[in-house]
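The residues making up each chain are set out below.
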Amino acid sequence: MPTFQSPRGTTDRLPAEQKYWRYIEGKAMDVARRFGYGRIDSPMFEDAGLFIRGVGEGTDIVEKEMYVFEDRGGDMLTLRAEGTAPVCRAYLQHGMSNQPQPVRMYYICPVFRYERPQAGRFRQHHQFGIEAIGDPDPSVDAEVIELAWTFMHDIGLSDMTLVTNSIGDPECRPEYIRSLKSYYEKRQAHLCQDCKTRLERNPLRLLDCKVETCRALGEEAPKSTECLCNDCDSHWNRVQSYLDAMGIANRIDHRLVRGLDYYTRTVFEIQPAVEGAQSTLLGGGRYDGLIEQLGGRPTPGIGFGSGIERLALNVQRAEVDVPDEPSPQYLIATIGEEARVAGVRLANRMRAVGVGAILANGGRALRGQMRQANALAVSGVLILGQDEVRDGTVMVRDMSTSSQEALTIEDFLNNVAVE
RNA sequence: GCGAGCAUAGCCAAGUGGUCGAAGGCGCCUGUCUGUGGCACAGGAGAUCACGGGUUCGAAUCCCGUUGCUCGCCCCA
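In this report, we go over the structure that sits alongside the text. Keep in mind it's a predicted model, so treat the numbers as computed, not measured. (Residues numbered from 1 in each chain as written. Chains lettered and ligands numbered in written order. Predicted model: local features only at pLDDT ≥ 70, side-chain atom pairs only at ≥ 80, totals over all residues. Heavy atoms only, no water.)

In the neighbourhood of RNA strand B, 47 residues make up the surrounding shell, with Arg-113, Arg-121, Arg-205, Arg-367 and Ser-402 lying closest. The sugar and phosphate moieties of RNA strand B supply 49% of its atoms located within 4 Å of the protein. Between Arg-258 and RNA strand B, the recorded distance is 2.4 Å, taken from a side-chain N or O atom to a phosphate oxygen. Elements that contribute at least two residues to the surface near RNA strand B include exactly helix H3 (60–65), strand E6 (124–133), helix H7 (193–201), strand E10 (282–286), strand E11 (301–307), helix H13 (366–376) and helix H14 (386–391). For the surface near RNA strand B, the element with the most residues is H13, which contributes five residues. (Near = heavy atom within 4 Å. Polar contact = N/O pair within 3.5 Å; in protein donor to acceptor, adjacent residues only side chain to side chain. Helix = DSSP H or I, 4+ residues; strand = E, 2+ residues; numbered from the N terminus.)

Following this line, the structure appears as structure tokens:
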């Protein structure tokens, strides 16, 4: 056991895993571009109050999962616990309400939560997320969901389920929660221990309990979509009709609720067809009250976040064909000290014209250097020995065809630079 | 915060009280092949058997504690 290990719940992303990240991030950036979303990078830490106000005091994230610390100046800061609140803060801070609405932004960044790590769950994880701020229209809901769905397909995860629901707004939700509570209070005897506390603290959460008896009760429970006020109801119906028009199938699940206080109206998740723990790959919804909560004028918004670690896991499980990272182009093998100098110089000139070159371990016999070339999967080897140094040439060996020819250094450089 | 399992070289792993001064495989290095890779063969390096304590004549192996990891619950991405 080494003296130091990466902190609990964090991982080193080793070179061998990079291709999955490069792939997913590349697809994310491309889909964002096609939908007109611009990148935003916000700080890794924020005023702790931002998350407390934004995400909600009663939520698990705020109550027991945030990394909060006081800096040397006495400010209370917190490691980014979530993606949406910082973007909304930036929207306000930079006066983005003066730009054409909605303002469309995406981010790819680490998120920190103090949790017990397990499969697909970490203390530092990474999210790709988008936000569309400043437009209440249901077509924006449909656009955000379309983007999410397109993204999943683009990275090769087609066997997914899109789940949607509407949880109303401050006008109709209190009424709904009242009827939900009274439904469950009458059946309290059948509830699991956790649900008995949920009844008091967070009644919406009763709906997505996984205990079998609670599930059964949840099936029959009052549905939020049946208690929507007129505005929420028409919004919800229009979102559904736009999704229909695009042929995006979704399962309406009245038990879908989400754990952050700021959600209003549309909420959605994307899950793999095979059920399992930590199955949510992407989750989001509308947050029409959040900006106001953060001190701005009432401003609607909607977005989603998706966990890149979970996406990468599923991409690997689905055996998606992910392109390999490019292997080094050339390895320079040298024999003797004189050739070593020539090799160093050749590598330097190649890199200057944009060609990848690495110097073989010169202490090894040529045979060993060739083995190294093979292990590194380079496409070509450049051999420099006494003869080559004397003639000003280099032996250029193509590793796939095993053919080689002697070229002058100048000819070689001219040829590779053109490629 | 709660529950369960696991911990032997970089990786996979045999070993359940003495024959372990720890097998085997992958990977790494060297040689067979004095300047030419992939295959094969031979050799080599690499392990305080997670840590601490206990039981025993004797512990990788049994017991206790600690730490770490993994999985589940909660919650979330």
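Once that is clear, we can look at the state of the cysteines. This structure, assessed with the given rule, holds zero disulfides. Here Cys-229 stays unpaired: no disulfide links it, and the sulfur of Cys-232, its closest cysteine neighbor, is 3.6 Å away. By relative accessible area, Cys-229 is classed as buried at 12%. (Disulfide = S-S within 2.5 Å. Buried < 20%, exposed > 50% of the residue type's maximum accessible area, 1.4 Å probe, protein only.)

Further remarks concern the packing of helix H1 (residues 18–34) against helix H11 (residues 308–317). For the pair H1 and H11, interaxial distance at closest approach is 10 Å and the crossing angle is 110°. With respect to H11, the element H1 is oriented roughly perpendicular. Residues Tyr-20, Trp-21, Tyr-23, Ile-24 and Glu-25 of H1 lie in contact with H11, whose contacting residues are Ile-308, Glu-309, Leu-311, Ala-312, Val-315 and Gln-316. Taken together, the residues that form the contact of H1 with H11 break down as eight nonpolar, one polar and two charged. (Axes fitted to C-alpha atoms, helices over the stretch in contact; angles between N-to-C directions. Parallel < 35°, antiparallel > 145°, perpendicular 65-115°, else oblique. Contact = heavy atoms within 4.5 Å. Nonpolar A, V, L, I, M, F, W, Y, C, P; charged D, E, K, R; others polar.)

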